Amino acid sequence: VGAFFWAYMSLNAATRRRDEAGGRKHMGNGYFGLAQGMALTSMVCAIGPITGGAFNPAIGTMGPFLGRSASGVWAYWVAGLLGGALATACYRVQNFQDFEDQEEAESERKAPAE
């Protein structure tokens, strides 16, 4: 859940190309840092007690090096990859117009000049 939330927020805040009026320009989101901070704060408060606050798989992997059990380390890696993949798929479905515009621009560049 945390990986999905973080990746989905990052994709929408950093890469969104359309504004609400439907313009094609890159929005230049000046609130990206604020969005990251608020997302991380909400993740720590909501699911931090469950995960131990290890939202990065590398941090979750440190448990065995600190004398803890290694039985749950796989969950940090699998959940992170699945959450990121699901967030990417949801972003692609929600913002399909951005991808159509990108494909149009690429086809115009590749088209031979007449």
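Criteria and thresholds
- Residue numbers restart at each chain and count upward from 1, following the sequence in its written direction.
- Thresholds applied to this predicted model are a pLDDT of at least 70 for local features of residues and 80 or more for the giving and counting of side-chain atom pairs; totals over whole chains, interfaces and linings are not thresholded and use all residues.
- Values shown for side chains rest on all heavy atoms present in the structure; no hydrogens or waters enter the calculation.
- Strands are runs of DSSP state E lasting at least 2 residues, helices are runs of H or I lasting at least 4, and numbering of each runs from the N terminus.
- In this description, contact between two residues means that some pair of their heavy atoms is separated by no more than 4.5 Å.
- Accessible areas in this description were obtained via Shrake-Rupley with a 1.4 Å probe; residue shielding takes into account the shown protein chains only.
- One less than the number of residues in a helix, times 1.5 Å, gives the span that helix is expected to have.
- The seven residues ending at a residue and the seven starting there each receive a fitted axis; the angle between those axes is the bend at that residue.
- Using a 1.4 Å probe on the protein chains alone, a residue whose accessible area is under 20% of its type maximum counts as buried, one over 50% counts as exposed, and one in between counts as partly exposed.
- Each Phe, Tyr or Trp ring (for Trp, its six-membered ring) is paired with any other whose centre lies within 6.5 Å, and the angle between the two planes then decides the class: stacked below 30 degrees, edge-to-face above 60, tilted in between.
- For patches, a residue must show more than 30% relative accessible area and have no salt bridge; joins then use 9 Å for like charges and 5 Å for nonpolar side chains, namely Val, Leu, Ile, Met, Phe, Trp and Tyr.
- Here a salt bridge means any side-chain nitrogen of Lys or Arg lying within 4 Å of a carboxyl oxygen belonging to Asp or Glu.
- Axis lines are fitted to C-alpha atoms, over the contacting stretch for helices. Their N-to-C directions set the angle, which ranges from 0 to 180 degrees.
- Put simply, angles under 35 degrees are roughly parallel, angles over 145 are roughly antiparallel, angles from 65 to 115 are roughly perpendicular, and the rest are oblique.
- We call a crossing left-handed when the near helix sits turned anticlockwise from the far one by less than a right angle, and right-handed when that turn is clockwise.
- Gly counts as polar in this scheme, as do all residues outside two lists: the nonpolar Ala, Val, Leu, Ile, Met, Phe, Trp, Tyr, Cys and Pro, and the charged Asp, Glu, Lys and Arg.
- Confidence of the predictor at the level of single residues is given by pLDDT, which spans 0 to 100.

K.L.:
What is the right way to read the overall build of the protein chain from this model?
P.N.:
Secondary structure summary: the protein chain contains five helices and zero strands in total. When the helices and strands of the protein chain are read in sequence order from the N terminus, they spell out α-α-α-α-α. A fraction of 53% describes how many contacts in the protein chain between residues 6 or more apart in sequence connect residues 24 or more apart. Carbon together with sulfur atoms contributes 64% to the accessible area of the protein chain, which is approximately 8,200 Å² in total.

K.L.:
What is the right way to read helix α2 (residues 32-51) from this model?
P.N.:
Note on helix geometry: an α-helix contains 3.6 residues per turn, so any two residues three or four positions apart are oriented the same way. For α2, which comprises 20 residues, the first-to-last C-alpha distance of 25 Å sits more than 12% below the rise-based estimate of 28 Å (1.5 Å per residue). Along α2, the sharpest change in direction is near 50 degrees and occurs at Cys45; proline Pro49 comes one to four residues later. Burial in α2 covers these residues: Ala39, Met43, Ile47 and Gly48. The secondary structure elements touched by the buried residues of α2 are α1 (2-15).

K.L.:
Sorry, what's going on with the environment of Met43 here?
P.N.:
Checked against the element boundaries, Met43 lands in helix α2. Note: C-alpha distance between Met43 and Gly2 (41 residues apart in sequence) is 6.4 Å.

K.L.:
How should I be thinking about the packing of aromatic side chains in this particular structure?
P.N.:
For any two aromatic rings, the description comes down to two numbers: the centre-to-centre distance and the angle of the planes. Taken as a whole, this structure holds one aromatic pair when the rule is applied. Between the aromatic rings of Phe4 and Tyr8, the centroid separation amounts to 5.5 Å while the plane-to-plane angle is 10 degrees, which identifies the pairing as stacked. Of this pair, Phe4 and Tyr8 both sit in helix α1, four residues apart, which is roughly one turn of the helix. Take Tyr8: its relative accessible area is 24%, and that puts it in the partly exposed class.

K.L.:
What should I look at first to understand a nonpolar patch on the surface in this one?
P.N.:
A cluster of nonpolar side chains, namely Tyr31, Leu34 and Met38, defines an oily patch on the protein surface of about 390 Å² accessible area. For Leu34, the location among the structural elements is in helix α2.

K.L.:
Explain the packing of α1 against helix α4 (residues 73-94) to me, please; I cannot follow it from the model alone.
P.N.:
Each pair of packed helices can be summarised by the angle the axes make with each other and by the distance between the axes. Interaxial distance between α1 and α4 falls to 7 Å at its minimum, and their mutual angle equals 40 degrees. In terms of orientation, α1 and α4 fall into the oblique class. By crossing handedness, the relation of α1 to α4 is classed as right-handed. In this structure, α1 contributes Ala3, Phe4, Ala7, Tyr8, Leu11, Asn12 and Thr15 to the contact, and α4 contributes Ala79, Gly80, Gly83, Gly84, Leu86, Ala87, Thr88, Cys90, Tyr91 and Gln94. Of the residues contributing to the contact of α1 with α4, the split by class is ten nonpolar, seven polar and no charged.

K.L.:
Explain the environment of Val78 here, please?
P.N.:
Relative to the assigned elements, Val78 resides in helix α4. Given a relative accessible area of 38%, Val78 falls into the partly exposed group. Sequence separation between Val78 and Pro57 is 21 residues; the distance between their C-alpha atoms is 9.0 Å.

K.L.:
Explanation requested: the confidence of the model for the protein chain in the structure shown.
P.N.:
Detailed reading of predicted coordinates is not advised where the pLDDT is low. The predicted model of the protein chain averages 78 in pLDDT, with 74% of residues at 70 or higher. Here helix α5 (residues 96-110) stands out as the least confident element of the protein chain, with mean pLDDT 68; α4 is the most confident, with 89.

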